[in-house]
Each structure stands twice: as structure tokens, then as C-alpha cells.
Amino acid sequence: MLRHKFLLTGSGRSYHGTTDSDVTENTVKLLFSRWLDLRTIYICNQCSRVRTGTIVVARLLTIAMVSARALQLLALACIASALPAGAEINNYLVIAPQSPLLEIGTNFTATCMIINTAEVTADDLYWNLSQTTVPKEQYTKINESALSVTIPITITSENPQWLYCFCKKKSPYLALNEGKFIHGISLTKGYRPRKPENLSCQAVQEKTYISKTMTCWWDPVGLQTAEVPTTYTLHVAMNSPQAYNVSTNNNSTQVDFAETFPNHMLLEIWVEAHNKLGKIQSEHLKEDAGWFVKTNPPSDVKVISENNFPKSLLMNWTHPIAYVYVMLTYKIRFCPNGSENWTYVPLVDTDKDIQSFRLQNLRPDTVYVTQVCCKNGREGHGYWSNWSNNATQRTPEDRPGKPDLWRTIAEGDRINERQVKFISKDPVFANGRIRRFNIMIQHQKDKVKNGSLEWGSFSVNKSDSGSITDLKQIHLADKKSVKVYVNAVNSVGISDNATLVILEKAHELAPVGELKVWPHAGQLWLKWKPPNSTALSEYVVEWVNGEQTDWQRENKHKNITAIKGNLEKFVCYNVSVYPIYSGRIGKPAIRAAFLEQGAPLEAPAVRLSGKPGRNEAELVWNEIRQSNRRGFITNYTIFYTSGTVIHQITVPADTISCTLKSLTGNTKYDTWIRASTITGSATSFNHSFTTLKYAPGEMEGIVVGVSLGFLFVVIVTMLLCVYKKDAIKENFWPQIPNPGESTIGNWSPDYPLKAETPKENCLCGVSVLDVDVCDGKCVFEEDKASLPLKKDKYLSEEHSSGIGGSSCMSSPRQSVSDSDEGGDMADTTASTVQYSSVVASNGYKGQTPNPQPQQAIFSRSESTQPLLDSEENPDTLLQEGSRQSQRFPRRPCSKHGIGDGANPADFTEQQEALEPLDFCPLEEDCEQATPTDGQSAAPASSYMPQLGGYRPQ
């Protein structure tokens with residue numbers, strides 16, 4: 001889109017604007033209205049008639065191409081604006097009054113009149129104040145051609161405002177001549193001047209006379225604006241025709257008289273305030289010229305000290321100006337050096353024309369600062385001069401007052417003894433430098449008069465008043481009391497005696513009650529309840545910090561006060577209140593207090609108490625030094641962590657130990673402590689420790705338990721070894737059967753024994769087995785087939801020791817001699833083994849014999865050796881036989897037994913070498929074979945023959 005820029009100027013005013021490329025006839029009309037608006041503004045400021053040519057087009061810039069119609073209209077506008085200025089054009093609206101000056105806070109009425117046209121009426125008019133349309137409620141229609149408006153003049157803006165009258169009727173004529181139907185006026189606002197107040201004038205002294213220049217000032221009243229400023233004019237009139245007028249925009253000015261200040265002449269002075277809205281005068285001052293005079297202060301002020309007058313100082317000075325000009329009166333003030341509290345001499349004592357004055361009722365040996373000023377002696381006339389320079393002097397010394405005596409009490413070195421130290425301050429009115437103190441101590445039970453007691457003297461090297469002097473220290477028994485007298489000495493004389501009574505410890509008087517101490521406004525305040533006693537004379541307030549002690553005395557009628565000493569922040573003071581009963585000291589009420597508390601300077605160092613346990617550890621710490629606490633410790637907080645979670649425990653301030661519980665064994669912990677006051681806290685350094693893997697006593701318990709268990713096992717083992725020694729011996733050292741210790745016998749219960757000629761391939765009658773070497777078997781060939789059957793019978797007889805059961809035993813493995821000889825049961829049951837071999841030709845013993853005589857041969861062997869494995873397990877006999885025969889060489893059986901081709905004599909010789917065999921009688925073969933009364937004997941059992949003897953061990 002193309003845009004056009006134009007600039008309209010005229011009479012120092014300009015208008016900038018832009019429009020689109022689509023310039024139409026309406027656009028040109030708009031431009032004309034803008035030009036006419038500028039022209040109207042010019043006319044409103046200059047005249048009431050419109051002249052052509054007041055608006056000149058300075059520049060019309062076309063940035064883009066426009067339509068031909070629009071260019072033609074713009075050219076016509078330029079030609080119209082260039083018409084000669086003499087051509088008159090009438091304006092159709094006029095406002096009255098023109099350019100009014102208005103007072104802020106009032107109402108203003110303006111009237112808009114229609115002239116030289118009938119195109120519009122008053123109903124078509126409306127008002128704008130600046131850019132705001134005035135409501136119709138403020139309009140007043142005067143007639144068809146006049147409309148008035150009333151507006152309040154406010155302080156919303158002190159700058160000028162414009163009030164416009166516009167026509168709202170629209171027609172082609174109005175559109176082309178809109179500037180003729182607009183008129184505006186500028187509203188200038190301001191304040192009416194107010195009456196100045198407090199007019200004052202002053203003429204000061206220069207050298208030895210009054211200056212001819214007088215300065216006056218006043219208080220302006222009311223407001224003013226930049227458009228309507230207020231001007232002040234100072235008027236000074238005298239009895240002569242001559243007058244002085246000075247104007248200024250400020251609230252003060254000076255008047256220069258012609259030659260000299262008009263001394264002793266009547267002056268009339270006033271000030272006038274005026275601006276465009278009006279003027280007003282202040283009150284008139286009609287006074288003698290001396291009324292306005294301010295002289296210099298007195299000069300050469302001196303102060304004289306006189307030895308005969310220790311409580312007075314003499315002052316002298318010189319008049320600042322001659323009497324011919326002003327008669328003066330004086331004012332004097334003084335104060336001790338360093339004080340800011342001045343003391344003024346009553347004016348009635350100095351209202352005369354004097355040059356000296358004596359100050360009285362001063363403190364001896366005190367430096368005083370004095371000053372003097374003066375003014376016109378006529379009442380109400382003139383101004384006080386400035387104060388003179390300081391004049392300083394010390395009053396002479398005088399006899400001192402009583403010293404301030406006190407004491408401190410501590411525990412003595414011995415029991416029932418007190419250590420008392422007497423101390424003193426310089427008297428409140430020392431009246432000079434205290435050179436020494438005299439002290440006298442009298443025991444109350446001594447009958448010696450005071451006059452005969454000796455005084456002790458203590459020199460004082462300190463010169464500053466109020467300092468504390470240590471006088472004397474004594475050891476006083478608890479059951480004794482003393483009275484102390486102390487006086488002070490300076491260069492003039494000796495003071496009166498100060499007395500103090502130290503009572504017996506058991507007879508101390510009642511204390512005050514309900515003592516409270518608190519800080520406030522930089523001081524420590526105390527309040528207490530007075531004791532119920534008429535003998536009360538005063539109170540002593542004492543505050544102690546370590547070894548420093550100070551005190552002050554309070555009237556007996558007071559029960560609240562503030563400590564007047566210089567207290568330090570963050571320092572703990574033990575504050576005490578002592579009631580004094582006619583010189584006798586009562587018990588103190590004591591409280592600890594801080595003027596101001598802060599965070600501790602340090603936290604206590606935490607450490608372990610002893611060694612840590614497995615699940616707990618005891619921490620201890622020392623109290624913080626009093627100087628580092630800086631406040632009351634409210635609590636301690638103990639922190640501990642194993643690296644993951646931080647735990648904390650808070651304990652009271654009076655606690656110095658803490659036990660950490662529920663810890664984890666064999667774990668490293670870091671711990672630290674935080675000490676807190678009401679204003680802050682401090683944290684200590686970390687302390688590390690490691691818990692035990694086992695709790696105390698746990699390892700010892702384990703060791704003891706294991707030891708007891710081991711001991712129990714050992715004991716049980718030993719007992720088992722004792723009670724099972726045979727079984728152990730049998731398992732570890734088995735007994736090997738010794739054939740040499742066995743006996744073999746033949747027993748034929750029913751038939752006589754006789755030797756038969758052994759047959760070939762038949763079982764030998766008796767075979768003695770050599771368990772060491774003999775591995776042979778003598779069986780008939782026809783009996784080999786029946787061997788397995790017999791073997792099963794042997795296995796079925798578990799307790800027969802391989803012989804199929806003994807006819808002489810009542811229990812398994814019991815020897816034949818057990819029932820007869822009553823041998824040792826342990827020996828017979830555990831170690832006695834029967835070895836027997838039964839060879840029967842026909843049947844068993846006890847069976848019905850055949851018609852042919854049969855012969856049975858019984859061979860029996862009894863040994864104390866245990867059975868061999870082959871005997872216990874005969875089923876393995878055949879299996880192991882071949883192996884044993886392979887390991888041991890075979891020897892002839894004829895060496896130890898009777899076999900094929902054996903000599904019977906050899907058997908007899910061997911039998912005689914062995915122990916004899918004990919055979920059971922026939923009637924005792926077994927219980928079944930034993931006949932009872934009325935019963936017949938059962939047939940006797942026969943033994944099955946052993947098939948091969950014993951296997952070698």
C-alpha cells in the first residue's frame with residue numbers, strides 16, 4: 001500500500017500527517033479542515049477576525065502516485081491558501097471573555113456566540129475542555145445564537161487549559177468550512193495571594209556599632225503557580241518622609257539605610273504580597289529601632305577560682321557595645337565539664353547593667369564551663385546575642401564526703417570460715433583527689449572502746465573518681481561479726497566515717513523477694529519486692545563479672561531501677577540486690593543476666609566416654625567457657641551420621657553427656673554438637689568413632705560357650721572311653737584267637753570214646769585249627785554237596801558262635817563253664833568264645849539209636865579270644881578261603897591237628913600242652929536236657945560238624 005506524507009505549517013505552528021494512496025475528495029476535505037483548525041488556533045490567539053493567508057502550506061510531499069482527482073483537489077487547496085492576506089473571511093463562532101485569568105477553586109462561565117451565519121443554532125454547539133467534552137448539565141442556552149458553560153477551576157493541572165466551542169451539525173458546507181465553526185480560549189489559572197505572617201527584622205552589630213543593613217523575613221501563606229507568581233514588597237517607613245521599598249519573590253530581603261542605622265527612631269515595617277489576581281499586606285510593626293537590634297556576645301569572659309570559696313567561681317566580662325547605642329542585660333549558664341546539662345542563672349539576678357557575677361553552690365574540685373550572652377535591656381526589645389566563648393575553671397578542693405564502703409565474701413580456706421575483703425569507692429563528693437583511706441575493724445564482742453582501736457591506712461594511687469580501692473582482707477569465722485569504719489582523706493581534710501556491719505552467718509537478715517532482671521533500651525533493669533521491715537535504710541545493687549565487682553546504692557523507697565554502670569554486651573553478670581538494715585547487710589537475691597545476647601563463639605568439643613559399644617556409644621563434652629557463651633545456652637543438639645542419614649538429639653542446657661542408641665555394629669559414625677542461645681548457635685568439629693563388631697561380653701560368651709561345649713564333648717568322650725573301654729579296645733585293638741590258649745576235648749555223653757581208624761575222604765574226628773597258618777579243610781567228598789545246606793543252618797543260629805548252639809549256654813556266646821563256675825559275666829559274655837566241632841556218625845544225640853551201635857565224637861574248644869570275622873560271618877568263609885590261602889603258605893596240618901596220616905600221639909601231646917577243657921556233665925548240656933521231677937529227659941542235641949575249621953586270622 002502506498003502512503004503520502006504531508007506537513008502543514010503556519011504562524012509558528014505545524015501539523016504532520018500521513019494518508020493512504022487512495023486519496024479521495026473526502027481526504028482533501030479532511031486536509032482543509034486541519035488547515036482551518038490551525039488557522040483558528042492562530043486567530044484565537046491574535047484577533048477576532050479571520051484573514052486569508054495566515055496559514056501557509058510549506059511543504060506537501062507526495063511519496064507515491066495518487067489519483068488525478070486527488071492531485072487536482074490538493075492543488076486547489078494550495079492555491080486557496082496562497083491568497084492575499086487582505087482578503088477577509090469572517091469567523092462564525094466567538095467565545096467571550098477572551099484569555100481569562102482564573103483563580104483556582106472558583107467557577108468560570110464562558111459564552112459561545114454564533115455570528116455572520118444562519119447555518120447553525122445554539123442547539124448545534126457543544127464544549128470541550130482540553131480533549132474532554134463538557135457534560136450538557138453544565139450548559140446554559142441564552143438564545144438561539146448563544147450557549148454558555150460553567151466549569152470549576154481545579155488544581156488538576158496548573159498549566160493553561162483550552163476551552164473549545166464546536167459545532168456538531170454536519171453538512172457539505174460545514175465540512176469545507178469546519179475551521180470557521182470552531183473557537184477556543186486559553187484558561188490561565190492561579191492563586192490569590194494570602195496575608196504574610198510572622199514578620200521579623202533584625203539589625204546586627206558590626207564592630208562597635210549597629211549595621212545600617214537590616215534583614216527582614218516572614219512566613220508566606222498560600223500557594224502560587226508558575227503562570228501567576230506572587231511578589232513580596234517590604235516597606236520601611238520612619239518619622240521622616242523617607243521610606244524604603246524592596247520587592248522580592250522570596251520570603252526574606254534586606255533594607256539598606258542611607259547612612260547609619262536609625263537608632264532611637266520609631267520604625268514602621270510591613271510586607272505586601274501581590275499578583276495578577278490581587279494584593280494583601282501583613283501586619284505593621286511599629287517599634288523603636290532598638291527592638292530590632294542584636295548585639296555581639298560579651299567579650300573577654302574570665303572565671304576566677306578563690307581558695308577560700310571552694311563552692312563558688314567569680315566571672316568577669318566586657319560590654320560588647322557602648323551605652324549610647326543600647327543598654328544591655330545579661331544571661332549566664334554553666335555546667336560541669338563534659339556534661340550537656342546546663343544550669344541557668346535566674347534572670348532576676350542579672351537584669352542589671354553588670355560586668356561580673358559570682359557563681360555559687362558549686363561542687364568543690366570540679367571543672368566548670370561558663371558562657372554569657374546579652375541583649376537590649378528594655379523589656380521585650382532586641383534579640384539575645386550568641387553565647388560567648390567557653391570560660392573554664394576548677395573550683396578549689398574541700399573536705400571530702402563519706403566513702404562508698406562495700407565488701408565481698410568468699411569461702412575461706414578452713415571450715416566454718418569466711419574470707420571477707422573490704423573495698424571502697426571514692427566519695428560521691430570527693431571534693432578533691434583522695435590520697436588515702438583509713439580503716440578500722442572492731443569485733444562486736446570486744447569490750448574495747450572504738451577510740452582505743454588502731455586505724456589502718458591505705459594509700460590511693462588512682463586519681464579518677466569512682467574507682468574501686470581494695471582496703472583489707474580478713475578471715476572471719478562464721479560465728480563472729482565485725483563492724484568496719486572507713487574514712488577518706490584529701491589535701492583539705494578527713495571525711496566522716498562510713499560504717500558497715502558483717503553479721504554472723506547464721507544471723508543474716510531477710511533478703512528482698514521476687515527479683516527480676518531484664519534488658520531494655522541498652523540497660524539492665526531490676527525490680528524486686530521490698531522486705532517487710534521498718535529498719536530498712538537503703539539497697540545496694542551489685543553486679544559481678546568474673547573478678548570484677550561494682551555496685552550502686554538505691555533509695556529505700558525504690559523497688560525498680562536500672563544499672564548505671566558501663567555494662568558490656570554478650571557478658572554474663574551476676575546481679576544481686578542487698579537490703580541494708582541500718583548498716584547491717586541482709587541476704588542477697590541473685591540473678592544472672594546479659595545486657596545483650598549473641599550466638600556462642602564456640603561449641604563444646606564432643607568426645608567418647610570410654611569405648612563405643614556395638615549398638616550404643618556415650619558422648620560427653622565440657623561446658624562452654626563463660627566468656628565464650630555470649631548468652632544463656634538454651635539447649636545442645638547432637639548430630640550423628642554413618643554417611644547416609646543424619647540423626648539428631650536435643651538435650652537441655654545443663655546436660656554434658658548423651659548416649660547414642662540403636663547404632664549399627666562395626667560402622668563408622670561422625671558426630672558433632674551444636675550449642676544454641678536465643679539469638680544464634682555454634683557448631684563443633686566432627687568427631688569420628690567406629691562401633692564394635694561384637695557387643696562387650698558377646699565374644700567372651702561365644703568363647704566361653706565354645707569352650708564349655710568342647711569341654712563337655714571332651715568329658716563325654718572321656719566318660720565314654722571309660723565306660724566303653726572294652727568296645728573301643730575291641731574296635732581299635734581286636735583280640736586275635738590264640739589256639740595255644742584253647743583246650744580241646746572229646747566228649748561222648750552216651751557212648752564211650754574209642755579211637756576209630758579214620759577213613760579216607762572222611763571228616764577227621766577232631767581237627768585243631770591253627771588260625772595263623774592252617775587253611776585246609778577235611779571233609780568227605782560226599783559231604784561237599786551238602787555244604788551249602790549246612791552253611792545256612794549256621795547262619796540261622798546267629799548266637800551259636802558257629803557251632804550251632806551250645807548245650808551248656810543259657811545265652812548267646814556264653815561258655816560252658818559260665819553256669820558252673822560263676823565266672824565274670826563281662827569276661828564270659830564279651831571275650832569268652834566257644835569253639836566246638838561235633839562229629840556224629842549216625843544222627844543226633846538224643847535221637848532213638850539204631851539197632852547198631854552208633855558212636856558220637858564231640859570236640860570242644862574254649863578260648864578267651866574273640867571270634868574272627870569268618871566266624872561271625874560264615875557266609876564269607878568260602879569266598880575268603882581261597883584268598884587267604886594265597887597270602888599265607890600252607891603248612892602240614894599234622895603240626896597242630898589230627899588229619900590224614902596224623903599220629904594220635906601228637907594229638908595227645910598237644911592236648912596235654914593246652915589248658916584242660918571243662919565239659920558240661922551230661923545232665924547239664926542244656927536246659928531242655930535237664931530232667932525235672934516227674935519229667936523224662938529230652939533227647940540230647942547233637943552238633944553239626946564244622947566243615948572246614950577256621951580260616952586263618
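Residues numbered from 1 in each chain as written. Predicted model: local features only at pLDDT ≥ 70, side-chain atom pairs only at ≥ 80, totals over all residues. Heavy atoms only, no water.

**Student:** Where do I start with the state of the cysteines in this structure?
**Tutor:** Note on terminology: a disulfide is the covalent bond linking the sulfur atoms of two cysteines. Tallied over the entire structure, the rule returns two disulfides. Through a disulfide, Cys112 is tied to Cys165; the S-S separation comes to 2.1 Å. Judged by the sign of its S-S torsion, about -85°, the bond between Cys112 and Cys165 is left-handed. Residue Cys112 is found in strand S8 (residues 107–114), and its partner Cys165 is found in strand S13 (residues 161–167); the two are separated by 53 residues along the sequence. The pair formed by Cys112 and Cys165 is uniform in burial state, with each residue classed as buried. Each sulfur in the disulfide pair Cys201 and Cys216 lies 1.9 Å from the other. Of note, the bridge from Cys201 to Cys216 carries an S-S torsion of about 110° and is right-handed in sense. A residue pair is termed long-range when its members are at least 10 positions apart, and Cys201 in strand S15 (residues 197–206) and Cys216 in strand S17 (residues 213–219) qualify at 15 residues. Cysteine Cys374 remains unbridged, with the sulfur of Cys373 as its closest cysteine sulfur at 6.9 Å. (Disulfide = S-S within 2.5 Å. Helix = DSSP H or I, 4+ residues; strand = E, 2+ residues; numbered from the N terminus. Buried < 20%, exposed > 50% of the residue type's maximum accessible area, 1.4 Å probe, protein only.)

**Student:** So what exactly am I meant to see when it comes to the pairing of strand S33 (residues 417–425) here?
**Tutor:** For a regular strand, the rule is simple: side chains alternate between the two faces of the sheet. The buried fraction of S33 amounts to seven of the nine residues, a majority that puts the element mostly inside the structure. Pairing of strand S32 (residues 404–411) with S33 involves eight bridges; the strand directions are antiparallel. Within the sheet, the bridge partner assigned to Ile409 lies in S33 and is Val420. From the end of S32 to the start of S33, which pair antiparallel, there are five residues, and Asn416 there has a positive phi angle of about 60°. Taken together, the nine bridges between S33 and strand S36 (residues 468–477) define a ladder with antiparallel strand orientation. Opposite Phe422, over in S36, you have Lys472 as the bridge partner. (Pairing = 2+ DSSP bridges.)

**Student:** Before we go on, may I ask you to explain the sheet that holds strand S26 (residues 313–318) in this structure?
**Tutor:** Strand pairing in a sheet relies on backbone hydrogen bonds. The paired strands run either parallel or antiparallel. Reading across the sheet, the three strands line up as S25-S26-S29 and stay open at both edges, with antiparallel pairing between neighbours. Edge positions in the open sheet fall to strand S25 (299–305) and strand S29 (356–359), since each of these has one partner strand only. Averaged over all neighbouring strand pairs, the angle between strand axes comes to 20°, with direction disregarded. Sheet analysis places S25 next to S26, joined by five bridges and oriented antiparallel. Residue pairing for S26: Lys302 is matched across the bridge by Asn316. (Axes fitted to C-alpha atoms, helices over the stretch in contact; angles between N-to-C directions.)

**Student:** Explanation requested: the sheet that holds strand S43 (residues 560–562) in the structure shown.
**Tutor:** Read from one edge to the other, the open sheet built from three strands follows the order S39-S40-S43, with strand pairing classed as antiparallel. Bordering the open sheet on either side are strand S39 (513–520) and S43, each of which pairs with just one other strand. Strand-to-strand twist across the sheet, computed as the mean angle between neighbouring axes with direction ignored, equals 15°. Across three bridges, the pairing between strand S40 (residues 523–529) and S43 is antiparallel.

**Student:** Is there a simple way to explain a nonpolar patch on the surface in this structure?
**Tutor:** Taken together, the side chains of Val704, Leu708, Leu711, Ile715, Leu719, Val722 and Tyr723 define a hydrophobic patch exposed on the protein surface, amounting to about 710 Å² of accessible area. Turning to its location among the elements, Val722 is positioned in helix H5 (residues 698–723). Given a relative accessible area of 54%, Val722 falls into the exposed group. (Patch = residues over 30% accessible without salt bridge, like charges linked within 9 Å, V, L, I, M, F, W, Y side chains within 5 Å. Areas by Shrake-Rupley, 256 points an atom, 1.4 Å probe, with all protein chains shown as cover. Salt bridge = Lys/Arg side-chain N within 4 Å of Asp/Glu carboxyl O.)

**Student:** Would you take a moment to explain the pattern of salt bridges for this structure?
**Tutor:** Close approach of charged atoms allows side chains with opposite charge to pair. Applying the stated criterion to the full structure yields 18 salt bridges. Asp365 is the partner of Arg394 in a salt bridge, and the nearest nitrogen-oxygen pair spans 3.3 Å. Here Arg394 is found in strand S31 (residues 391–394), whereas its partner Asp365 is found in the loop between S29 and strand S30 (367–376), with 29 residues between them in sequence. Among the residues examined, Arg394 registers a relative accessible area of 40% and is labelled partly exposed. Among the ionic pairs, Lys558 bridges to Glu554, the shortest N-O distance being 3.1 Å. Residue classification places Glu554 among the buried positions, given a relative accessible area of 5%.

**Student:** I'm lost on the environment of Ala273 in this one. Help?
**Tutor:** Mapped onto the secondary structure, Ala273 falls in strand S21 (residues 266–275). Relative accessible area serves as the criterion here: at 1%, Ala273 is assigned to the buried category. The spacing of Ala273 and Thr248 is 25 residues in sequence and 9.7 Å in space, taken between C-alpha atoms. Excluding anything up to four places from it in sequence, Ala273 contacts Pro193, Arg194, Pro196, Thr230, Thr231, Tyr232, Gly278, Lys279 and Ile280. (Contact = heavy atoms within 4.5 Å.)

**Student:** I would appreciate a short explanation of the pairing of strand S49 (residues 635–641) in the present structure.
**Tutor:** Taken across its seven residues, S49 has six buried, putting it largely inside the fold. In this antiparallel pair of consecutive strands, S49 and strand S50 (residues 646–652), the connection spans four residues, and Gly643 shows a positive phi of 110°. Here S49 runs beside strand S52 (residues 668–676); their pairing, made up of seven bridges, is antiparallel. Counted as the bridge partner of Tyr636 is Ala675 from S52.

**Student:** Just checking my understanding: could you explain the nonpolar core for this structure?
**Tutor:** Here is a general trend for soluble globular proteins: nonpolar side chains tend to be buried in one another's company. In terms of nonpolar packing, the biggest core is built from 42 residues, with Met214, Ile269 and Trp317 touching the most fellow members. Non-local contacts of Ile269, meaning those with residues more than four positions away in its chain, are made with Leu199, Cys201, Met214, Cys216, Leu234, His235, Val236, Glu283, His284, Leu285 and Phe292. Core analysis: the next-biggest nonpolar cluster, separate from the first, contains 27 residues, Ile95, Ile153, Cys165 and Cys167 among them. (Core = buried A, V, L, I, M, F, W, Y, C linked by side-chain atoms within 4.5 Å.)

**Student:** Looking at this structure, I do not really get the packing of aromatic side chains. What am I missing?
**Tutor:** Any pair of aromatic rings gets described here by the distance separating the centres and the angle formed by the planes. According to the stated counting rule, one finds 18 aromatic pairs in the structure shown. Ring centres of Phe334 and Tyr368 lie 6.1 Å apart, and the angle between their planes is 70°; this geometry places the pair in the edge-to-face category. One end of the pair, Phe334, is in strand S27 (residues 328–336); the other, Tyr368, is in strand S30, with 34 residues separating them in the sequence. The class for Phe334 is buried, based on a relative accessible area of 11%. Here Tyr368 falls in the buried class, since its relative accessible area comes to 4%. Measuring from centroid to centroid gives 5.1 Å for Trp406 and Tyr578, while their planes differ by 75°, and the two rings are edge-to-face. Here Tyr578 lies in strand S44 (residues 572–581) and Trp406 lies in strand S32, a separation of 172 residues in the sequence. Side by side, Trp406 and Tyr578 carry an identical accessibility label, which is buried. Here the aromatic cluster, defined as three or more aromatic residues joined through ring pairs, consists of Tyr126, Trp162, Tyr164 and Phe166. The side chain of Lys331 reaches across the aromatic face of Trp384, ending 4.6 Å from its centre. Sitting over the ring of Trp551, Lys425 keeps its end group 4.8 Å from the ring centre. (Phe/Tyr/Trp six-rings, centres within 6.5 Å; stacked < 30°, edge-to-face > 60°. Lys NZ or Arg CZ within 6 Å of the ring centre and 35° of its normal.)

**Student:** I keep staring at the confidence of the model for the chain and nothing clicks. Help me out?
**Tutor:** Note that predicted coordinates carrying low pLDDT should not be read in detail. When pLDDT is averaged along the chain, the result is 73, and 66% of the positions lie at 70 or above. Here residues 1–89 is a poorly scored stretch, pLDDT under 50, and it has 132 contacts once near neighbours within four places are set aside; other chains count. pLDDT under 50 marks residues 750–863. Its contacts with residues more than four places away, or in other chains, come to 253 contacts. (pLDDT = per-residue confidence, 0-100.)

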